Amino acid sequence: PSISHLGHVTVVVVGGTGDLARKYLWQGFFQLYADQVGKGHTFSFYGGGLSPTEKGTPLLFGILKELACPPELSVERCDLVKDQFLHLSKYHQLKTTEDYEKLSQQIKQQLGQEGMVEAGRLFYLSVPAFAYADIAEKINNTCRPPSDAWLRVVLEKPFGHDLYSAQALDKKLSGQLKEEEMYRIDHYLGKQVVSKILPFRKENKKLLDPIWNKHHIERIEIVLKETLDAKGRIQFYDQYGVIRDVLQNHLTEVMTLMLMNLPANLSNSKEILQNKLNFLASLQHVDNSNAVVGQYQAYNEEVQEELNKTKDYFSLTPTFAGVVVHVDNAQYEGIPIFMTSGKALDERVSYARVLFKSDVFCVQDPNNVQCKSKQIIFYLGHGTLQYPAILLSKNLFKPKLASSGDWKEVTEYKDVNMLGLPLSDYYIQSPVTPREAYCELISHVFFGRKDSFISAEGLLASWEFWTPLLEGLSRVFPRVYPGGVANGNLLNFQLQGHQVAFSHEAVVNVIKPGAEDNFQVMQGKYRSSEMVSAWAQELVERLASDLLLAAEEAIHEEGQFHLALSGGSSPVALLRALALNLYTFPWRNTHIWQVDERCVPHTESGSNFRSIHDLLLQHIRIPYFNIHPMPVHLTQRLCVEEDSGPTLYEKEIKKHVNGSSFHYILIGVGQDGHTASLFQDTKLENDEERLVILTESPIKPHQRMSLTFTAINRARRVGVLIMGKSKHELVSQLSRIKGESSKYPITKVQPKSGTLIWYIDYDALLG
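Per an unreviewed UniProt entry, the recorded name for the chain is GDH/6PGL endoplasmic bifunctional protein-like, and the organism is Sinocyclocheilus rhinocerous. UniProt, in the comment section headed Pathway (unreviewed entry), describes the chain in these words: "Carbohydrate degradation; pentose phosphate pathway."

Structure below.
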């Protein structure tokens with residue numbers, strides 16, 4: 001990336017006397033100045049703050065005088081450079097639009113007096129995110145450089161706290177700044193090991209390609225442990241929690257760099273960002289069943305204190321999370337990615353490791369290097385090793401060392417163990433000169449390198465992935481842990497199928513369960529049929545186990561189980577539960593049919609078959625021939641009478657299903673009382689024998705294919721699943737109607753010799 005032309009660069013740190021600026025930013029800009037001095041650019045630096053000049057100036061210079069010398073400069077040279085840097089720096093109050101106008105005048109005036117050409121302006125917003133939009137507007141309206149100079153605005157995380165707030169923030173900002181002018185910073189991308197992941201994969205491509213897949217990788221772990229607590233930061237932390245604070249950004253970025261497709265050209269920012277998006281799109285949906293959360297014991301008191309809450313206030317914000325993510329593509333399918341982070345843990349350390357399957361059986365000498373675990377560790381620092389490094393166990397291969405000379409091979413080994421192996425069992429590479437992440441990224445902003453920053457699309461894609469989990473966890477009580485070494489094995493978590501759970505029961509539950517947690521599953525009557533009711537999670541588990549019993553009974557009698565599933569939102573949670581209950585369900589002898597289907601191609605997201613496929617079929621082993629999608633798409637046309645799709649499906653049912661009587665049909669009910677795709681004014685011709693028909697829906701897509709009441713009422717068992725507060729009104733209405741009502745098609749479901757069971761969750765039942 002080239003700097004378009006040499007000239008004057010103005011750097012403005014908004015929030016220039018704050019904590020982040022004091023700890024990292026000014027050091028980064030001093031390093032940039034030291035790197036660039038004498039190379040043709042001239043600079044001026046402004047620290048902006050809300051305080052008036054007489055108060056802000058001594059604060060700023062107090063920070064600048066403490067700056068450390070870059071290691072490559074001699075003491076004399078450093079003194080000189082530092083003097084110049086202080087001379088070029090100035091405090092400026094930045095509060096009102098007038099303040100920004102004054103700053104702009106000052107920049108113009110200085111350029112004019114010294115006869116300099118302007119190269120660009122760099123604004124670093126080191127302020128809370130709620131102030132971004134306002135400052136962006138002020139910069140846009142008053143502080144833009146002339147059109148041949150660049151404007152770059154750096155934004156610190158957090159960028160929103162879920163998909164919707166991130167979209168809203170993005171909309172506000174993109175009204176003021178162009179995407180190429182915004183640099184959303186994630187300081188992890190400036191860590192030397194993180195920015196080395198892609199080059200390392202590229203340099204060792206020949207050796208990594210054959211093993212970088214599900215046949216060789218056993219698991220991946222991405223870990224960020226902290227010993228610190230959240231004290232003093234509760235105001236911020238309690239709104240965010242550990243997943244928003246580090247998993248959605250830092251750890252997701254590391255995972256993406258490890259597993260995305262390698263770009264053909266590592267300096268092509270566009271290609272890198274596109275490959276990142278493609279990878280994020282391939283992640284499997286995560287929800288509560290894929291995560292565990294904890295909270296250190298003292299946290300709640302800190303919240304009560306710092307947020308002035310009463311003693312009976314409980315915060316559900318997690319300070320620890322363990323999540324297992326899976327990728328939905330042929331290369332990585334089935335590899336669990338363990339992501340974990342927490343405060344008040346036993347050590348401060350951060351790493352990502354790839355553990356490979358062991359294909360060797362050692363008959364003798366188990367200490368031989370070939371018998372030990374094979375792994376690659378991207379080690380970000382702290383912990384036992386203290387310095388950043390890439391470690392590769394010697395039984396894999398010897399990695400190449402890039403010729404650029406900024407990385408070296410380490411051959412002096414401390415006597416420590418690293419994730420199960422002594423250091424001498426690894427090839428170790430480490431940066432020659434350690435550089436602080438912010439220094440690296442500030443230099444990348446200066447050179448306009450966008451690949452080390454978060455694009456708007458990438459940000460929204462990450463939030464889209466994490467938001468469903470965050471919504472699901474918002475009502476979950478985190479497991480309380482004492483903190484530090486005392487946590488013992490309390491936070492260990494494990495994978496069961498695709499579900500994640502703590503490995504050990506917690507002895508104490510500090511939070512008293514409310515009354516509603518106590519009545520688990522209720523049996524009763526509804527519309528003179530059986531009813532099962534519970535909270536959503538328990539209800540779905542009960543339905544799944546009832547299906548299992550029905551399947552075992554049918555297979556025992558006939559060798560086959562014929563199950564018909566309806567579309568819409570009802571079965572989503574059930575399909576997930578069935579997919580997780582992988583091994584016990586007799587899928588081999590189960591046939592899956594559709595109750596109804598929209599007239600859209602099966603590959604589209606609106607297709608019921610597509611959702612059955614995505615949520616269930618791709619996670620289970622079921623014979624290909626046992627899956628019976630409705631033929632809505634024939635001869636390149638959708639649901640055309642002449643193609644007689646319904647007749648074809650009817651034939652298939654008669655051929656496979658004994659007496660056309662399904663063992664189990666699962667249906668839902670729409671708020672208007674329709675079921676399957678049978679609506680209030682569906683014309684059911686006098687022909688009572690039809691099993692499948694084309695119907696019209698009042699909402700788009702209008703055309704549907706559906707089983708008829710004749711087919712439904714022939715079933716041995718019919719389950720009606722109704723979930724969610726929005727169905728409460730309907731449940732009340734139906735309970736008052738005796739017998740059939742043409743207004744509510746669901747009332748025509750009356751199995752002739754089979755049983756009807758209503759599964760209604762408490763939200764729908766109690767409102």
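The structure having been displayed, the exposition proceeds.
*Asks:* Where do I start with the sheet that holds strand β13 (residues 389-393) in this structure?
*Replies:* Strands belonging to one sheet form pairs held by backbone hydrogen bonds; the direction of such a pair is parallel or antiparallel. Spatially, the 10 strands line up as an open sheet ordered β14-β17-β13-β12-β11-β7-β10-β9-β8-β18, and their pairing is mixed. With partners counted over all chains shown, the strands left at the sheet margins are β14 (407-410) and β18 (479-481), one partner each. Strand-to-strand twist of the sheet, defined as the mean angle between neighbouring strand axes without regard to direction, takes the value 15 degrees. Against the sheet, helix α7 (residues 192-203) contacts β12 (374-382), β13, β14 and β17 (426-431), and its axis sits at roughly 150 degrees relative to β12.

*Asks:* I would appreciate a short explanation of the sheet that holds strand β4 (residues 118-125) in the present structure.
*Replies:* Strand order in this open sheet of six strands is β3-β2-β1-β4-β5-β6, and the pairing throughout is parallel. Because the sheet does not close on itself, it has two edges, and the strands there are β3 (89-93) and β6 (182-185). Ignoring which end each strand starts from, the neighbouring axes of this sheet average 20 degrees apart. Here strand β1 (residues 8-14) pairs with β4 via seven bridges, running parallel. In the sheet register, Val-11 faces β4, and the bridge partner there is Leu-122.

*Asks:* What's the story with the state of the cysteines in this structure? I'm lost.
*Replies:* Disulfide: a covalent bond formed between the sulfur atoms of two cysteine residues. Evaluation of the coordinates by the stated rule reveals three disulfides. A sulfur-sulfur separation of 1.8 Å characterises the disulfide bridge that pairs Cys-362 with Cys-371. Taking the sign of the S-S torsion, about -105 degrees here, the bridge from Cys-362 to Cys-371 comes out left-handed. When its relative accessible area of 24% is taken as the criterion, Cys-362 is described as partly exposed. Each bonded cysteine of the chain is numbered by sequence order, and under that numbering the disulfide pairs are 1-2, 3-4, 5-6. Sulfur of Cys-439: no disulfide; nearest cysteine sulfur belongs to Cys-69 and is 13 Å away.

*Asks:* Explain the side chain of Thr-252 here, please?
*Replies:* The topology assignment puts Thr-252 in helix α9 (residues 234-259). For Thr-252, a relative accessible area of 2% translates into the label buried. Polar contacts involving the side chain of Thr-252 include one to the main-chain carbonyl oxygen of Leu-247, which spans 2.5 Å. In contact with Thr-252, not counting residues within four places along its chain, are Leu-247, Leu-280, Met-339, Ser-462 and Trp-466.

The rules we used
The numbering scheme is per chain: residues are counted from 1 as the chain's sequence reads. Local features in a predicted model are, by the rule used here, given only for residues with pLDDT of at least 70; side-chain atom pairs are given and counted only at 80 or more, and totals for whole chains, interfaces and linings are based on all residues. Note that the side-chain values use all heavy atoms of the structure and ignore hydrogens as well as water. UniProt positions are given in the numbering used here, feature names are shortened, and annotations may be inferred rather than shown by experiment. When DSSP locates at least two bridges between a pair of strands, those strands are taken to pair. By definition, any uninterrupted DSSP run of H or I lasting at least four residues is a helix, any uninterrupted run of E lasting at least two residues is a strand, and each is numbered from the N terminus. Fitted lines through C-alpha atoms give the axes, limited to the stretch in contact for helices. The angle between two N-to-C directions lies from 0 to 180 degrees. Contacts are residue-level and defined by heavy atoms, with any inter-residue pair within 4.5 Å sufficient. We call a pair of cysteine sulfur atoms a disulfide when they lie within 2.5 Å. In this scheme, a residue with accessible area under 20% of its type's maximum is buried, one over 50% is exposed, and one in between is partly exposed, where area comes from a 1.4 Å probe on protein chains only. Here a polar contact is recorded for every N or O atom pair within 3.5 Å, except that within protein the pair must consist of a potential hydrogen donor and a potential acceptor, and residues adjacent in sequence are included only if both atoms are side-chain atoms.

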